[in-house]
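Secondary and tertiary structure notes
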Amino acid sequence: LLGHKDEEVVRLTAELIPLITDMPEGAVRPLSEALASPNSNVRAAAAEGLALAGPKAAPAARPLADAIAKSYPAQFDPMTYLAGGPEAAYWKALGRVGAPAVAPVAKLLEHTNVMVKMLAARTLGEVGEPARAAKDALKKTLAEPTIDVA
């Protein structure tokens, strides 16, 4: 319904997604596809739905990381810092996906925006033990003179 032609249906669907207590695995694909919507409310609702799916949303880890890479500017600008909106939901969803999100999140450590690097490091910390696989990428990022993710 997030891709419905009637904007009112889309709006209502986006409002209802956070109320779902157990996101079915079958919802992961349409929610992943909704991450490409031009409507930021739809993208945020889709990411919230994927966060609710948790580890069942493993196939969405790469699309979530791609959405993050496209959302942030190349360089950090405190005037356009993306603290809320769909971007916050993307990070939340990746943290809840767990181990399958480690590789896509580790790749985000290569982004040129220091905020993306900081949030990627934080998300790896939220993933916990499985994020050990990204330790080399994290060490490389921590060694950069322009980043403070500690």
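Residues numbered from 1 in each chain as written. Predicted model: local features only at pLDDT ≥ 70, side-chain atom pairs only at ≥ 80, totals over all residues. Heavy atoms only, no water.

1. Thoughts on the confidence of the model for the chain
Residues of the chain with pLDDT of at least 70 account for 93%, and the chain-wide mean is 89. By mean pLDDT, the top-scoring element of the chain is helix H6 (residues 102–108) (97), and the lowest-scoring one is helix H1 (residues 7–16) (85). (pLDDT = per-residue confidence, 0-100. Helix = DSSP H or I, 4+ residues; strand = E, 2+ residues; numbered from the N terminus.)

2. Quick word on the environment of Asn-41
Examined against the element boundaries, Asn-41 turns out to sit in helix H3 (residues 40–53). Judged by its relative accessible area of 54%, Asn-41 is exposed. Between the C-alpha atom of Asn-41 and that of Ala-14, which follows or precedes it by 27 residues, the distance is 6.9 Å. (Buried < 20%, exposed > 50% of the residue type's maximum accessible area, 1.4 Å probe, protein only.)

3. Concerning helix H4 (residues 61–71)
Listed as buried for H4 are Ala-61, Leu-64, Ala-65, Ala-67 and Ile-68. Angularly, the buried residues of H4 cover 155° about the axis, an arc narrow enough to put them on a single face. (Arc of directions from axis to C-beta.)

4. Structural notes on H1
Within H1, the full set of buried residues consists of Val-10, Thr-13 and Ala-14. Along the axis of H1, the buried positions cluster into a sector of 100°, meaning they face one direction only. Lining the buried residues of H1 we find H3. The distance from a side-chain oxygen at the start of H1 to the backbone nitrogen of Glu-8 is 2.9 Å, and the residue carrying that oxygen is Asp-6. (Contact = heavy atoms within 4.5 Å. Polar contact = N/O pair within 3.5 Å; in protein donor to acceptor, adjacent residues only side chain to side chain.)

5. Brief notes about the layout of surface pockets
Here the largest pocket is characterised by a volume of approximately 180 Å³. For the largest pocket, the full set of lining residues is Leu-1, Leu-2, Thr-13, Leu-16, Ile-17, Ile-20, Met-23, Ala-27, Pro-30 and Leu-31. If you list the elements that add at least two residues to the lining of the largest pocket, you get H1 and helix H2 (28–34). Here the lining of the largest pocket is built from residues that sort into 9 nonpolar, 1 polar and no charged. (1 Å grid on protein atoms, 1.4 Å probe; cavity = no way out; pocket = protein on both sides within 12 Å on 5 of 7 lines; lining within 4 Å. Points joined across faces, edges and corners; volume = space filled by probe spheres on them. Nonpolar A, V, L, I, M, F, W, Y, C, P; charged D, E, K, R; others polar.)

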